[in-house]
Amino acid sequence: MIGEDVFELDMDMNVVKPPVTPNLRLSACTPIWYSVYRFRPRAKCVIHTHSMNAQMATLLDPTERSTCLRMTHLEMLKGVGGHAYDSVLDIPIIDNRPSEDMLVDQVEKALVKYPKCNAILVRRHGVFVWGDSWEQAKTQCESFDYLFETAIKMKSMGIDPAAVPKEGTYRVDDEGGEEKKEDSSRPVKRMRTEKKDSADATDGFNAEADLNNAADLEKDTKSIPLLPRDAKVLLLDIEGCTTAISFVKNVLFPFVLSNIDLYLAKRTSQELGPILKSLQEDIEKLEDGHDAKEESKKVTPVVPDCTPNDDLMRDMIKSFVKAMMKFDVKATGLKSLQGKMWKSGKC
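Heads up: these notes are all about the structure in this document. (Residues numbered from 1 in each chain as written. Predicted model: local features only at pLDDT ≥ 70, side-chain atom pairs only at ≥ 80, totals over all residues. Heavy atoms only, no water.)

1. A short note on the pattern of salt bridges
Tallying each qualifying case throughout the model produces 15 salt bridges. For the salt bridge of R124 with E64, the shortest nitrogen-to-oxygen distance reads 2.6 Å. Within this pair, whereas R124 is found in the loop between β6 (119–122) and β7 (126–131), its partner E64 is found in the loop between α2 (52–57) and β4 (68–72), the two being separated by 60 residues in sequence. For E64, a relative accessible area of 26% translates into the label partly exposed. (Salt bridge = Lys/Arg side-chain N within 4 Å of Asp/Glu carboxyl O. Helix = DSSP H or I, 4+ residues; strand = E, 2+ residues; numbered from the N terminus. Buried < 20%, exposed > 50% of the residue type's maximum accessible area, 1.4 Å probe, protein only.)

This is the structure:
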């Protein structure tokens, strides 16, 4: 957009000066600009965006019935005007309509109900932000977008952006007094303990001796929760979450070594080539002198100048796999091959 594309209107919404560029028409948002200017006389600029963060922030309430997004105790609250770090910011949310001019009634009600807020969210649509100048409106628009993104990420972590933190470097207690947290240490992952001398020792969660995993459920004020609040999906890694690490070491890894001949025997040249290439890249990425790299040199067949045949590729793959697994190398190509073998279950 350039200056020649702009309409000049008076406060009665009459066109004083049309744009030089032909065939342009007034924005459907025009009535909303006037509502803001009437209810916020100091406002000199209104910005409307279809920000992804703004749109997603309106959907943090899955029922889509919330009338505002509430946030508190965030430094960027200072960037939206009239709020401090520990203020409570209520950003109104109105429902979308097929056209922006149909939002006017909702906008005006929100302007009356939320006099301290310089923005209005439109559900599944975007946001309107205003300021005393175009510079202030732009700054506040960026600050609001930062806060929307913060709310989305806090919610994904199970943290309510509207909740006053129970602990922190600074907060106000119930009687209005200031409290300072003396111990600012971060939560530390509990070290694994093994009870191999115990009479009832058995492999459990994280190779714990206690199969009931009671220790893993113990929590204090600093514990990281096993599940975030309001979580709907729990994504589990096979190692240490759904299965004892000992199962991986004692069952899954030996399965690969025992069945790799049978697995590779059923693979075609087109399948063997990419497998070999990915394993070669794994080896090449290891530091010079790495045990697995040196081991692979000892057992890897000498490759002739011509393209290796299927049997030679199988031998090379096996030597790379055995060398890396012997020294517990975690590498992309190796993991990919192991995953495919485990998925097949029977080679």
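The rest of the description comes next.
2. Regarding the state of the cysteines
Across all of its chains, the model carries zero disulfides by this definition. The cysteine C68 is free of any disulfide, with C117 supplying the nearest cysteine sulfur at 9.2 Å. (Disulfide = S-S within 2.5 Å.)

3. Focus: the pairing of β7
Most of β7 sits inside the fold, with six of its six residues counted as buried. On β7, burial covers both faces: G126, F128 and W130 on one face and V127, V129 and G131 on the other are all buried. Looking at chain direction, strand β3 (residues 45–49) and β7 are connected through five bridges and run antiparallel. Residue pairing across strands places I47 opposite V129, the latter belonging to β7. Of the pairings in the sheet, the one linking β6 to β7 comprises four bridges and is antiparallel in character. Bridge assignment links V122 to a residue of β7, and that residue is G126. Counting the residues that bridge the hairpin from β6 to β7 gives three residues, and of these R124 lies at a positive phi of roughly 60°. (Pairing = 2+ DSSP bridges.)

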